[in-house]
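What the coordinates show
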Amino acid sequence: MGKIHPLEHFQQKYAIEFVQFTEEIASYLKTTKPSTLLLLRGVNSDSGSTCRAAAFDGIGDFKTDYTLLHPVIVECRVIKTPEELEVLRYCNRISSEAHKEVMRKIRPGMKEYQLESLFLHECYFRGGCRHCSYTCIAASGDNAATLHYGHAGAPNDKTVDDGDLVLFDMGGEYYCYASDITCSYPANGKFTAEQRVIYEAVLKASRAVMAAVKPGVCWTDMHLLADRVQLEALIEAGLLHGDVEAMMEARMGAVFMPHGLGHFMGLDVHDVGGYPEGVQRSDLPGLKSLRTARVLKENMVLTIEPGIYFIDHLLNSAMADPKLKCFMNVEAINKYRKSGGVRIEDDVIVTGAGMELMTNVPRTVEEIEAFMRRGRE
C-alpha cells in the first residue's frame, strides 16, 4: 500500500493551513462544533453536470448547507490568481511546442492517431503533462467538418492524404490546469488557393477579436464580430453575396460556424461560471452555443476559436431555406464540400488594457509554410 505520510507532509506539499485524515473528520468536527457545514454542490452551466458534495460517515450529525458555497467557488474559478496564471502559461507553452513538433513531423500517408500520439508524447516527455485536457481531435480532410471528431466512434484513424487540410485540436493538462489549442494547416506544407482563402478568413476573425478583447466587453459581441469578419471574407471570396447586415440578421454565420466563439478555461477545459444567475443564454443559431455570455473581467482566461466548416447537413438545410439560400453562391460553396474546415484556437488572459496571448504557434500562411518547410529540410 506504500508509505503513509504524516499530516504535515500534505500540509507542506499543498501549502494549506490545516489537514485532517478523512476517517477523523467527524470526530474532529464534533470537537470544533461548527454551526453549519458548507458543502459544494451545484450545476456546471457549461456541461449541465452536478458536482457531487463531500460526504463522510457521521455527516448526518451536523447542520449542512448545499447552496451558499457553489456560486462563490465558481466565481473564484472564473477570476484566476497570479499563481494559476503561471501554471496556465506553462501548460500553454508545452502544448504549443507539442503542436509545433507535430507540424514538423507530419507527412501524407501517416495515420491521424500517429500524430495524436506524437503530441501526447511531447507533452509528457518534454513538459511532464501526464494527461491531456480532453480527447484529442486529430482530423484530416473531411473529418475536420466534425466538430468533436476523435471520439470512440471516430477514433482518429484515417490516413492523412496529400492535399488534406488537417485540424488538430489538442491540449495538455498540467496539475489539473488545462490548455486548448487548435492548429489548421495543409498536411503537405503548402496551402492551395482555396485553402488559403478559408484559412485567412478565420485568422482575420481571430485577430479582430483579439484586438477588441478587454475588460467591459461582452463575449456575445465578440462572437458577432467574428461572424461579421468571416461573412465579409466569404463575400469577398465569392461564396456568398448580398448585404452583410442582412446576413447577420438571418444568422448566416451559424451555417459556417455553428459553435460558440470560445469558453472559459482553467481547472476544466470548459470551465465553470459561464452562465451565473442573471446571465441569459440566447436561443439564436450560433449564439445559443456560446459557453458564456458574460462581460469580460481582468484575469478571466478564455479560448478564442473562430472557424469555418463545410458541413453537409448545415449546407443542405441552408440551401433549402429561402431566407438563407438567397445569400449563397451554391456552385462555389459546393466546390468546398468534403474539404472539412478550419478552426484557429488560442488561449488568452484578459488584462487590464486588453489581453495576453499564451499560445505560441505559427499562425499566418507564410509562417506555417516556412516552419513546415524547415521541418522537412
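Coordinates for the structure precede this section.
Summarised in this report is the structure supplied together with it. Everything quoted here is computed from the prediction, not taken from an experiment. (Residues numbered from 1 in each chain as written. Predicted model: local features only at pLDDT ≥ 70, side-chain atom pairs only at ≥ 80, totals over all residues. Heavy atoms only, no water.)

**Examining unusual backbone geometry**
For residues other than glycine, phi is negative in most cases, and the peptide bonds are mostly trans. In this structure, Cys-176 takes a positive phi of about 80° despite not being glycine. The topology assignment puts Cys-176 in the loop between strand E6 (172–174) and strand E7 (177–178). A relative accessible area of 47% means that Cys-176 is categorised as partly exposed. Here the phi dihedral of Arg-251 falls at roughly 60°; this positive angle occurs in a residue that is not glycine. Residue position: Arg-251 is located in the loop between helix H8 (244–250) and helix H9 (253–256). With relative accessibility at 7%, the residue Arg-251 sits in the buried group. (Helix = DSSP H or I, 4+ residues; strand = E, 2+ residues; numbered from the N terminus. Buried < 20%, exposed > 50% of the residue type's maximum accessible area, 1.4 Å probe, protein only.)

**Remarks on the packing of aromatic side chains**
Per the stated rule, a full pass over the model turns up eight aromatic pairs. Centre to centre, the rings of Tyr-174 and Tyr-175 are 4.9 Å apart; their planes meet at 70°, and the pair counts as edge-to-face. With a relative accessible area of 24%, Tyr-174 lands in the partly exposed category. Arranged with centres 5.1 Å apart and planes meeting at 55°, the rings of Phe-191 and Tyr-199 form a pair that is tilted. Accessibility assignment for this pair places Phe-191 and Tyr-199 in one class, buried. The ring of Tyr-66 has Arg-41 sitting right over it, with the charged end atom 4.0 Å from the ring centre. (Phe/Tyr/Trp six-rings, centres within 6.5 Å; stacked < 30°, edge-to-face > 60°. Lys NZ or Arg CZ within 6 Å of the ring centre and 35° of its normal.)

**A look at the packing of helix H6 (residues 193–212) against helix H13 (residues 365–375)**
Where H6 contacts H13, the two axes come as close as 11 Å, and the packing angle between them is 120°. Classified by the angle between their axes, H6 and H13 sit oblique to one another. Along the contact surface, H6 presents Arg-196, Tyr-199 and Glu-200, while H13 presents Val-365, Glu-366 and Ile-368. Across the contact of H6 with H13, the residue classes tally to three nonpolar, no polar and three charged. (Axes fitted to C-alpha atoms, helices over the stretch in contact; angles between N-to-C directions. Parallel < 35°, antiparallel > 145°, perpendicular 65-115°, else oblique. Contact = heavy atoms within 4.5 Å. Nonpolar A, V, L, I, M, F, W, Y, C, P; charged D, E, K, R; others polar.)

**Remarks on the sheet that holds strand E4 (residues 137–140)**
Taking strand neighbours across the sheet as the criterion, the three strands line up as E4-E5-E8 in an open arrangement whose pairing is antiparallel. Looking at the sheet topology across the chains shown, the edges are occupied by E4 and strand E8 (181–186). Across this sheet, the average inter-strand angle for adjacent strands is 10°, counted without regard to direction. Here strand E5 (residues 165–170) runs beside E8; their pairing, made up of six bridges, is antiparallel. Across the sheet, Asp-169 pairs through a bridge with Thr-182, a residue of E8. Each of E5 and E8 touches helix H4 (residues 82–105); the most contacted strand, E8, lies at about 15° to it. Sitting on the sheet, helix H5 (residues 112–127) touches E4 and E5, and the angle it makes with E4 is about 145°. (Pairing = 2+ DSSP bridges.)

**Re the pattern of salt bridges**
Considering all chains together, one arrives at 26 salt bridges under this definition. With its nearest N and O atoms 3.9 Å apart, the salt bridge here joins Glu-305 to Arg-343. Of this pair, Glu-305 sits in the loop between strand E9 (301–304) and strand E10 (307–309) while Arg-343 is found in strand E11 (residues 341–343), placing the two residues 38 residues apart along the sequence. Comparing Glu-305 with Arg-343, the two get one shared label, buried. For Arg-363, the salt bridge is made with Asp-346, and the minimal N-O distance between the two is 2.9 Å. With Arg-363 in the loop between strand E13 (355–357) and H13 and Asp-346 in strand E12 (residues 346–350), the pair connects residues that are 17 residues apart, well separated along the chain. Asp-346 gets classed as buried once you look at its relative accessible area, which sits at 1%. (Salt bridge = Lys/Arg side-chain N within 4 Å of Asp/Glu carboxyl O.)

**Quick word on the environment of Leu-165**
Counting through the fold element by element, Leu-165 comes out in strand E5. The class of Leu-165 is buried, set by a relative accessible area of 6%. Ignoring anything within four residues of it in the chain, the contact list for Leu-165 reads Ala-139, Ser-140, Gly-141, Tyr-185, Pro-186, Phe-191, Gln-195, Gly-341 and Val-342.

**Focus: the packing of H6 against helix H7 (residues 219–236)**
Their axes nearest at 9 Å, the elements H6 and H7 cross at an angle of 150°. Judged on the interaxial angle alone, H7 and H6 are roughly antiparallel. The interaxial crossing formed by H6 with H7 has right-handed handedness. Contact residues: Ile-198, Ala-201, Val-202, Lys-204, Ala-205, Ala-208, Val-209 and Ala-212 in H6; Met-222, Leu-225, Ala-226, Val-229, Gln-230, Ala-233 and Leu-234 in H7. Among the residues making up the contact of H6 with H7, the classes are represented as 13 nonpolar, one polar and one charged. (Left-handed = near helix turned anticlockwise from the far one by under 90°.)

**Here we look at the sheet that holds E7**
Pairing in this open sheet of three strands is antiparallel, and the strands run E3-E6-E7 from one edge to the other. One side of each edge strand has no neighbouring strand; the edge strands of this open sheet are strand E3 (131–132) and E7. Here E3 runs beside E6; their pairing, made up of two bridges, is antiparallel. Bridging from a neighbouring strand, Cys-132 pairs with Gly-172 of E6.

Interpretation in functional terms is not warranted from these geometric data alone.
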